[in-house]
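Read off the chains here:
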Amino acid sequence: QPDQLGITDSIQDMTCSNSNDGAIYLDLEGGTQGYDLYWTGPNAYDRSKHLHDNYRDSAIVLPAGLYNIAVTDTNGCALTHQAQVDAGVKVNILLTPTEYGLYNISCNGLSDGAVLVNASGNGSLEEFTVDWTDSNGIPVSPDPNGRDLSAMPAGTYYVQVTDTAGCFENADIE
């Protein structure tokens, strides 16, 4: 009689919360060679595969979530397996403008607005890359600390913060 059908998985979680680079690698054991696999998962993930003479399968470029894998061997022996791909670290951005009452500059026409950046993700804030642009997409130079803005006129500013793993998030402030 064949050995009991079994599955061992190896999971690669997503690098970033928005990267969809998760992966599941399966090793099948036992049963009778010739396996039908049916995968389901988040975002209507649906995949079928037949393995003739192979005991391995994988699914890559996966978003976070729970994946169900049903396996049936040539003799009709079946097994179900679940594998969880976890989301990576999310970059969180907190922008704090200077405030002059209800406004972010002291007087009409002055350039004394400022924005402080705080962010979390992989690594420390000092290691992050912070890129600012104005409403026309023109790069804006940050303060010497490489993050914050000062001496700015009124307007809308956009920031992209990239952490040490290459994960990023965008935000804007007016």
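Placed above this text is the structure.
Quick look at the structure, then. (Residues numbered from 1 in each chain as written. Predicted model: local features only at pLDDT ≥ 70, side-chain atom pairs only at ≥ 80, totals over all residues. Heavy atoms only, no water.)

A few points about the pairing of strand 13 (residues 157-162)
Quick note on the threshold: Two strands are counted as paired when DSSP detects at least two bridges linking them. Note on conventions: DSSP H or I runs of at least 4 residues are helices, E runs of at least 2 residues are strands, and numbering of each starts at the N terminus.
Where strand 10 (residues 129-134) and strand 13 come together, six bridges link them in antiparallel fashion. Looking at strand 13, one finds that D131 is bridged to Q160. In the sheet, strand 13 pairs with strand 14 (residues 168-173) via six bridges, with the strands oriented antiparallel. Each residue of the ladder has a partner; that of V161, found in strand 14, is E169.

Structural notes on the sheet that holds strand 10
Spatially, 11-10-13-14 is the arrangement adopted by the four strands of the open sheet, whose pairing is antiparallel. Bordering the open sheet on either side are strand 11 (139-140) and strand 14, each of which pairs with just one other strand. Taken together, the two bridges between strand 10 and strand 11 define a ladder with antiparallel strand orientation. Bridge pairing in strand 11 links W132 to V140.

Brief notes about the environment of D21
Here D21 shows up in the loop between strand 1 (6-12) and strand 2 (22-29). Taking C-alpha positions, D21 is 9.4 Å from A87, a pair spaced 66 residues apart along the chain.

Section: the side chain of H81
Here is the rule we go by: Think of it in three bands: with a 1.4 Å probe and only protein chains considered, a residue is buried below 20% of the maximum accessible area for its type, exposed above 50%, and partly exposed in between. Here a polar contact means two N or O atoms within 3.5 Å. Within protein one must be a hydrogen donor candidate and the other an acceptor candidate, and residues neighboring in sequence count only if both atoms are side-chain atoms. A contact between two residues is defined here by any heavy atoms of the two lying within 4.5 Å.
Within the fold, H81 resides in strand 7 (residues 78-85). Since its relative accessible area comes to 18%, H81 is described here as buried. At 2.6 Å, the side chain of H81 forms a polar contact with the side chain of D9. Residues contacting H81, with those up to four places away along its chain left out, are I7, D9, L26, Y67, N68 and I69.

Details of the state of the cysteines
Inclusion rule: Disulfide: a pair of cysteine sulfur atoms within 2.5 Å of each other.
Counting across every chain of the model gives one disulfide. Paired through a disulfide, C16 and C167 show a sulfur-sulfur distance of 1.8 Å. Looking along the S-S bond of the C16-C167 disulfide, the torsion reads about -85 degrees, which is the left-handed sense. Taken together, the residues C16 in the loop between strand 1 and strand 2 and C167 in the loop between strand 13 and strand 14 connect sequence positions 151 residues apart.

Examining the pairing of strand 9 (residues 113-120)
One ladder, built from six bridges, connects strand 8 (residues 92-97) with strand 9; its direction is antiparallel. Residue pairing for strand 9: P97 is matched across the bridge by V115. Bridge count between strand 9 and strand 12 (residues 149-152): two bridges; the pairing is antiparallel. Across the sheet, residue G113 finds its bridge partner in strand 12, namely M152.

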